[in-house]
Number of protein chains: 2
Amino acid sequence: MGNIPKIVIVGAGYGGILTAQQLQKELKHNEASVTLINRHDYHYITTHLHMPAAGTDTIEHSRIPIAQLIDEFKVDLVKGTVKEIIPKEKKIVLEDGSLSYDYLVIGLGGEPETFGIPGMDKFALTIRSINSVRLIREHIEYQLALYKNDGKPGRLNFVVGGAGFSGIEFVAELADRLPQLAKAYDIDFNRIQIINVEAAPTALPGFDPELVEYAMDVLKRKGVNFRIGIPIKECLEDGVIVGEGEKIEACTVVWTGGIRGNGLIEKAGFEVMRGRVKIDDFLRAPDHDDIFIIGDSSLMLNPEGRPYPPTAQIAMQQGVICAKNLVATLRNKELNKFVFSNKGTVASLGKGEAVAVVGKRKIKGWVAAQLKKIVDLRYLFIIGGIPLVLKKGRFF
Amino acid sequence: MGNIPKIVIVGAGYGGILTAQQLQKELKHNEASVTLINRHDYHYITTHLHMPAAGTDTIEHSRIPIAQLIDEFKVDLVKGTVKEIIPKEKKIVLEDGSLSYDYLVIGLGGEPETFGIPGMDKFALTIRSINSVRLIREHIEYQLALYKNDGKPGRLNFVVGGAGFSGIEFVAELADRLPQLAKAYDIDFNRIQIINVEAAPTALPGFDPELVEYAMDVLKRKGVNFRIGIPIKECLEDGVIVGEGEKIEACTVVWTGGIRGNGLIEKAGFEVMRGRVKIDDFLRAPDHDDIFIIGDSSLMLNPEGRPYPPTAQIAMQQGVICAKNLVATLRNKELNKFVFSNKGTVASLGKGEAVAVVGKRKIKGWVAAQLKKIVDLRYLFIIGGIPLVLKKGRFF
Ligand SMILES: Cc1cc2nc3c(=O)[nH]c(=O)nc-3n(C[C@H](O)[C@H](O)[C@H](O)COP(=O)(O)OP(=O)(O)OC[C@H]3O[C@@H](n4cnc5c(N)ncnc54)[C@H](O)[C@@H]3O)c2cc1C
Ligand SMILES: Cc1cc2nc3c(=O)[nH]c(=O)nc-3n(C[C@H](O)[C@H](O)[C@H](O)COP(=O)(O)OP(=O)(O)OC[C@H]3O[C@@H](n4cnc5c(N)ncnc54)[C@H](O)[C@@H]3O)c2cc1C
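Residues numbered from 1 in each chain as written. Chains lettered and ligands numbered in written order. Predicted model: local features only at pLDDT ≥ 70, side-chain atom pairs only at ≥ 80, totals over all residues. Heavy atoms only, no water.

The name an unreviewed UniProt entry assigns to chain A is FAD-dependent oxidoreductase, from the organism Paenibacillus kribbensis. Under the heading Sequence similarities (unreviewed entry), UniProt records this for chain A: "Belongs to the NADH dehydrogenase family." What the UniProt record of chain A gives under Cofactor (unreviewed entry) is the line "FAD". (UniProt positions renumbered as here; feature names shortened; annotations may be inferred.)

The structure is reproduced here in structure tokens:
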């Protein structure tokens, strides 16, 4: 086997899974070995995580055993946590063991970017994995249970930092969920506050202003208090300091305000901007033709010279091209330039409500909510076909 | 109305509800006014609380709106928290307001007795109300969620202090519940420890030794570690110190080791033993013919001169006699001596298992578990008839 090139993919997120699946399809027998390394034995659907985080959906709708997505005759699965990437030695160090590679695909996703706001790392919760969202869900219920025993008012205040897509989607689920929880804990929902704090001058920065207004109206009616254009200055155990020093009491702070590249990449010696590596048109790290970086850990500029925001959509498209380029490299063929094809953007606003932009069309309300479901089902179909759609799809 | 004697019942637990219901039956129109004061607008079935505490049953099976149990034409319901009882002024001070009485029934139940063990008040959870058991349930899940994020081993250890009836019943539910939770949180159940610590030389002190052995066998097979004959010396935030200084790491400590009378009673100036007032044969406080004390706040000696243990059974029987004696007092008739009639004792050991003593018969296993259900259904029938049995009964 010594002569077969060894491809190692670290991270089985959107990018990593699509790469592995495309390699499965394109590689000939014994053309290369492929190893997929991931911290858990499941793939999670990050774009869903705001729901189990708020408790409006189960965890099981948001994850899939990787073994169900991959042909284990063609791809070796390794459950392991990457500790270090050593490009010079073409080596990956895991928590227990290490691996060498000929070609490496880095799809390790992102990490919360706290912009150095004091206390944010320590006290805020973040939506980024199954474990982190289970913690948010339990933290919320625990606060209500504690409130009924100690009466501390901050327990009834829920601060969400950031009103970007994931912040807005999470706030919407919270607004759906908390009235139910209030009832289950004998708490008057009017005493509960959901506060969405955003430093930028608008919610959903960069999105269509008309749809932003619609989204905020929907959420305000559900009980969300917006504090837009107001930066969080510090996060404490029992609240946040905002603006000119005002304190908002809250025993729950969820931070969705930013994403940076996975910290391992900077540690590996790559030059980064907010933890992300500016990759070439073929998705390769600069000066490393053997290393592809895709998804939230990579940085690509759009034709106007501005970075694409990190999304599942781009990570998936990159995964496919990354696989194609690996195959081309092995076969000494010309590589494919990555060109992003924007399928549109949908932001869910909780049950039965959403806003979307598809091409030049603006869509809102129930129709947009259906679109969101179709996007989700489409993803399940892409990675797992009809059986996965039937098993994990949320149709209602 | 000035001439109508005013009966006030504080506490709508087993004793208070039965008193109110019996008064409803026996009092003639305008013979007396009856006011029932309780902290919540629901009655809780304390003998069930180990189940929602562990999460093996919902809260709603363990509580009933008091309005459903009481004829509001005959008894005034006041939702309020008693702050002080002033026997000299025949007055009850509530959190908001105050009331005077001609006759008072105290059925305020008990409080955890921590025997002065340092830290127990502060760090241990206790099973005593809907709010406190919701907190236990959420605390447990929160530990598992935290474990998956910080890996602290003490989060997987669950210490129950006390192996009396409520300790054993709770430990049994925990042993049923934790394997399910372990699965839901992707934790190997073998890493979870349930540790039941008891200072007395045996579990279920006072109970039939053969049944105690049976009970311990059942629970050991379910995974419970017993530390019998070993006192807890101190409770910390992250564990307990036992025996000669050994520390058991545990982020969850539930204390079931003792019950004392409600603290308001001692504050009212009555002479107490462990917070309980030694009442006369007619259930009256010494030197206060206008004050009846029943249930966990009262102390009565059995024919052998030993105190009856505080149980729902005795509280209910006292409630009925208390009402009869109030009516007799109003009518200047002779009062009834309270005589306890022991219907037997059942301890649940979780799903499908229990131990019971009824008269001289020892019963164990499935039959005893059915008996436990019958006792529970019988109680619902007594206080609410068939409709309540159908609404709140757990038949399976
Ligand atoms: C609440 C929320 C809603 C979103 N909604 C949308 C949306 O509607 N549309 C959209 O396009 N995008 C959305 N996004 C963004 C999208 O989820 C991300 O851009 C996408 O997941 C990035 O994919 P990725 O492959 O780079 O990484 P990820 O999908 O994050 O996967 C990274 C993988 O690497 C693994 N990993 C990480 N570190 C290690 C390590 N040290 N060792 C081993 N394995 C490791 C992780 O376990 C994970 O499996 C949303 C994000 C959030 C948080
Ligand atoms: C887990 C567990 C299992 C048990 N199992 C059994 C069993 O199987 N069989 C058995 O016989 N016994 C059992 N017991 C014991 C039994 O529950 C008690 O003995 C019984 O509840 C005592 O009744 P009570 O009327 O004195 O008080 P409680 O039933 O405790 O009621 C007291 C009431 O007073 C109210 N109250 C308290 N303070 C105030 C205030 N300041 N102001 C207003 N209202 C107030 C409370 O809200 C409550 O409604 C068990 C106990 C526990 C904890």
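Colleague: Where do I start with the overall build of chain A in this structure?
Modeller: For chain A, the helix and strand inventory stands at nine helices and 25 strands. For chain A, the C-alpha radius of gyration of 22 Å lies close to 21 Å, the compact-globule estimate for 396 residues. In terms of its C-alpha atoms, chain A occupies a principal-axis envelope of roughly 70 × 40 × 40 Å. Within the span of chain A, comprising 396 residues, buried residues form 56% of the whole. (Helix = DSSP H or I, 4+ residues; strand = E, 2+ residues; numbered from the N terminus. Rg over C-alpha atoms; globule rule 2.2 N^0.38 Å. Buried < 20%, exposed > 50% of the residue type's maximum accessible area, 1.4 Å probe, protein only.)

Colleague: Could you clarify how one ought to interpret the relation of the copies chain A and chain B in this entry?
Modeller: Between the two copies of this chain, the relationship is a rotation about some axis together with a displacement along it. Superposing chain A onto chain B requires a rotation of 180 degrees together with a translation of 0.0 Å along the rotation axis, leaving an RMSD of 0.0 Å. Taken together, the rotation and translation relating the two chain copies correspond to the operation of a two-fold axis. Mapped onto chain B, 100% of the interface residues of chain A are again interface residues, and the two copies thus contact each other with one and the same surface. (Least-squares fit on C-alpha atoms with pLDDT ≥ 70 in both. Contact = heavy atoms within 4.5 Å.)

Colleague: Would you explain the site of ligand 2 in this entry?
Modeller: All names here are of chain B. Close to ligand 2 lie 31 residues; Gly-15, Asn-38, Val-82, Asp-296 and Ala-312 are nearest. At 3.1 Å, a backbone N or O of Tyr-14 approaches an oxygen atom of ligand 2. Residue assignment for the shell around ligand 2 shows that the elements contributing at least two residues are helix 1 (14-26), helix 5 (165-184) and helix 8 (312-330). Here the shell around ligand 2 is composed, by residue class, of 10 nonpolar, 17 polar and four charged. (Near = heavy atom within 4 Å. Polar contact = N/O pair within 3.5 Å; in protein donor to acceptor, adjacent residues only side chain to side chain. Nonpolar A, V, L, I, M, F, W, Y, C, P; charged D, E, K, R; others polar.)

Colleague: I keep staring at the pattern of salt bridges and nothing clicks. Help me out?
Modeller: When the charged atoms of two side chains lie near each other, side chains of opposite charge can form a pair. Within the structure shown, the criterion is met by 50 salt bridges over all chains. As a salt-bridge pair, Glu-210 of chain B and Lys-364 of chain B come within 3.4 Å of each other at their nearest N and O atoms. With Glu-210 of chain B in helix 6 (residues 209-221) and Lys-364 of chain B in strand 26 (residues 361-364), this pair connects stretches of sequence that are 154 residues apart. Note on Glu-210 of chain B: relative accessible area 41%, which makes it partly exposed. What makes Lys-364 of chain B partly exposed here is its relative accessible area of 38%. Residues joined by salt bridges that share partners form a network here, namely Glu-60, Arg-63 and Arg-134 of chain A together with Asp-186 of chain B. (Salt bridge = Lys/Arg side-chain N within 4 Å of Asp/Glu carboxyl O.)

Colleague: Would you explain the pairing of strand 11 (residues 157-161) of chain A in this entry?
Modeller: Successive side chains on a regular strand alternate, one facing one side of the sheet and the next facing the other. Residue and element names in this part refer to chain A. In terms of burial, strand 11 is a largely internal element, five of the five residues being buried. As judged from the five bridges shared by strand 11 and strand 12 (residues 193-198), these two strands associate in the parallel manner. Looking across to strand 12, one finds that Val-160 is bridged to Asn-196. The parallel pair strand 11 and strand 12, bridged by helix 5 (residues 165-184), forms a crossover whose chirality is right-handed. Alignment of strand 11 against strand 17 (residues 252-255), held across four bridges, turns out to be parallel. Bridge pairing links Phe-158 to Thr-252 in strand 17. (Pairing = 2+ DSSP bridges. Right-handed = clockwise from strand over helix to strand, strands pointing away.)

Colleague: Honestly, the interface of chain A and chain B in this entry has me stumped. Any pointers?
Modeller: The parts lose accessible area when they come together, and the size of an interface is often stated as this lost area. If you look at the interface, chain A gives 18 residues, while chain B gives 18 residues. Carbon and sulfur atoms supply 49% of the area buried between chain A and chain B, which totals about 1700 Å² over both sides. In this structure, the connection of chain A to chain B is made through four salt bridges. The salt bridge involving Arg-63 of chain B is made with Asp-186 of chain A; its shortest N-O contact spans 2.6 Å. The interface formed by chain A and chain B holds 18 residue pairs in polar contact (both at pLDDT 80 or more) in total. The leading source of residues in the side of chain A that touches chain B is helix 4 (residues 130-150) of chain A, at 13 residues. Looking at the side of chain A that touches chain B residue by residue, the classes come out as seven nonpolar, four polar and seven charged. (Buried area = accessible area lost by both parts, 1.4 Å probe.)

Colleague: Explanation requested: the sheet that holds strand 9 (residues 103-106) of chain A in the structure shown.
Modeller: In a beta sheet, neighbouring strands are held together by backbone hydrogen bonds and run either parallel or antiparallel to one another. Residues and elements named next belong to chain A. With mixed pairing, the six strands of this open sheet are ordered in space as 5-2-1-9-21-20. Because the sheet does not close on itself, it has two edges, and the strands there are strand 5 (75-79) and strand 20 (284-285). Here two bridges tie strand 20 to strand 21 (residues 288-293), and the two strands are oriented antiparallel to one another. When the sheet's bridge partners are listed, Ala-285 is paired in strand 21 with His-288. Most of the contacts of helix 1 (residues 14-26) go to strand 1 (residues 6-10), to which it runs at about 155 degrees, and overall it touches strand 1, strand 2 (33-38), strand 5 and strand 9. Relative to strand 9, helix 8 (residues 312-330) is tilted by about 170 degrees, and along the sheet it contacts strand 1, strand 9 and strand 21. (Axes fitted to C-alpha atoms, helices over the stretch in contact; angles between N-to-C directions.)

Colleague: It is not clear to me how the UniProt feature "domain: FAD/NAD(P)-binding" (unreviewed entry) in chain A should be interpreted in this structure. Could you clarify?
Modeller: Residues annotated in UniProt with the feature "domain: FAD/NAD(P)-binding" (unreviewed entry) correspond here to residues 6-319 of chain A. Taken end to end, residues 6-319 of chain A comprises 28% helix and 29% strand; its first and last C-alpha atoms sit 17 Å apart.

Colleague: How should I be thinking about the packing of helix 4 of chain A against helix 5 of chain A in this particular structure?
Modeller: Two measures define how a pair of helices packs: the angle their axes make with one another and the distance between the axes. Residue and element names in this part refer to chain A. At a minimum axis distance of 12 Å, the contact between helix 4 and helix 5 shows a crossing angle of 40 degrees. In terms of their interaxial angle, helix 4 and helix 5 are classed as oblique. At the point where helix 4 passes helix 5, the crossing takes the right-handed sense. Only Phe-170, Leu-174, Arg-177, Leu-178 and Leu-181 of helix 5 make contact with helix 4, whose side of the interface consists of Ile-136, Ile-140, Glu-141 and Leu-144. (Parallel < 35°, antiparallel > 145°, perpendicular 65-115°, else oblique. Left-handed = near helix turned anticlockwise from the far one by under 90°.)

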